[in-house]
Amino acid sequence: MEYKSVFKRYELKYLMDEDQAAAVRESLMEHMAPDRYDHSVIRNVYLDTPDFLLARRSIERPLYKEKLRFRAYSRPSEDDDVFVELKKKSNSVVYKRRLTMPLGEAEAWFSGLGEAPSGQIAEEIDFMRVRYPGIAPAMFLSYSRDAYCARGSGDLRITVDSDIRARTEDLDLSSEVYGREVLPAGYTLLEIKTMYGYPFWLLELLNSQHLYKSSFTKYGNAYKEIVLGKVPEEFLPIRTRSAVPMEVERCPPPPRH
């Protein structure tokens, strides 16, 4: 199966309560199509320095930040391919570069027991070991995801994530899914991914459900809760927020059909 290895897009996030999530799912079934990973339990192992430098930078909301992770869309064995992903965000645009390789080889690479693969993307990822001395697996983060893609040739992709769990021990993609719940009970996370404007139906949906852009980051918020012992400010009641949606401010005008 062919996989896309390079992405450039906006990724905007919205926290939803149960009523909002039900309305959103109904609309997505009407306007979108199931993605190739229409439903999956995603496992991630985030790599970081011993003092969680990448997590700390993530929650500081700088103009530029980067993350490195291993990812699998099902429970892998040592010989199964997983994604090794370098994710960068600059001026609100997300750039993701990834490659696939067996889990055992990926772990050996970053433990210093194996060599880096060949190729430009592998070189960029391997440079993280130089840029961040001591970088190693730091957090296991999993969630259930329903994914939708645009019908036809559009680039719009929308995901709904629930049961987000994280831990700082047992950092193996092939391990069981468990850990501290990152979202409050009844909340889910909507992510909208596109390089272009939102279609009119999507803007109407967000407005009717009083959904506004959140600065929520799974890894960053899990770091706040597990390592810092803090309650993230993003968990204020959703419907009382007055933030202006980013899609109106920064994305190009949505196409009108």
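See the structure shown above.
The present account deals with the structure reproduced in this document.

The rules behind these values
- Residues numbered from 1 in each chain as written.
- Predicted model: local features only at pLDDT ≥ 70, side-chain atom pairs only at ≥ 80, totals over all residues.
- Heavy atoms only, no water.
- 1 Å grid on protein atoms, 1.4 Å probe; cavity = no way out; pocket = protein on both sides within 12 Å on 5 of 7 lines; lining within 4 Å.
- Points joined across faces, edges and corners; volume = space filled by probe spheres on them.
- Nonpolar A, V, L, I, M, F, W, Y, C, P; charged D, E, K, R; others polar.
- Salt bridge = Lys/Arg side-chain N within 4 Å of Asp/Glu carboxyl O.
- Helix = DSSP H or I, 4+ residues; strand = E, 2+ residues; numbered from the N terminus.
- Contact = heavy atoms within 4.5 Å.
- Pairing = 2+ DSSP bridges.
- Buried < 20%, exposed > 50% of the residue type's maximum accessible area, 1.4 Å probe, protein only.

**Observations concerning empty space enclosed by the protein**
So, point 1. Per the counting criterion, the structure on display carries one cavity of 30 Å³ or more.
So, point 2. Taken as a whole, the largest cavity holds about 30 Å³ of empty space.
So, point 3. What lines the largest cavity is simply S58, I59, R61, S215, T217, N221, K224, E233 and E234.
So, point 4. Broken down by class, the residue content of the lining of the largest cavity amounts to one nonpolar, four polar and four charged.

**Some points on the pattern of salt bridges**
So, point 1. According to the stated counting rule, one finds 21 salt bridges in the structure shown.
So, point 2. The partner of R9 in a salt bridge is E11, with the nearest N and O atoms 2.8 Å apart.
So, point 3. Because the salt bridges share partners, they merge into one network encompassing R145, D161, E191, K193 and K218.

**What to know about the layout of surface pockets**
So, point 1. A volume near 420 Å³ is recorded for the second largest pocket.
So, point 2. Along its surface, the second largest pocket is lined by 19 residues, and K4, F7, R9, D35 and R157 are the ones closest to its centre.
So, point 3. Considering only residue class, the lining of the second largest pocket consists of five nonpolar, one polar and 13 charged.

**Points about the environment of I192**
So, point 1. Inspection of the secondary structure assignment puts I192 in strand β9 (residues 188-194).
So, point 2. For the pair I192 and R69, spaced 123 residues apart in sequence, the C-alpha to C-alpha distance is 20 Å.
So, point 3. Once residues lying within four places of it in the same chain are set aside, the contact partners of I192 are Y10, E11, L12, Y14, L156, R157, I158, Y198, L202 and L206.

**Structural notes on the pairing of strand β4 (residues 81-90)**
So, point 1. Here strand β3 (residues 64-72) pairs with β4 via eight bridges, running antiparallel. Note that in β4 the partner of R69 across the bridge is E85.
So, point 2. Bridging between β4 and strand β5 (residues 93-102) involves ten bridges; their strand directions are antiparallel. Of the residues in β5, the one forming a bridge with V82 is M101.
So, point 3. Between β4 and β5, which follow one another and run antiparallel, lie two residues, and N91 among them has a positive phi close to 50°.

**Focus on unusual backbone geometry**
So, point 1. Positive phi is not limited to glycine here, since S92 has a value of about 75°.
So, point 2. Within the secondary structure, S92 is located in the loop between β4 and β5.
So, point 3. The exposure class assigned to S92 is buried, which follows from its relative accessible area of 12%.
So, point 4. In this structure, D170 takes a positive phi of about 55° despite not being glycine.
So, point 5. Considering the arrangement of structural elements, one finds D170 in the loop between β7 (157-167) and β8 (180-181).

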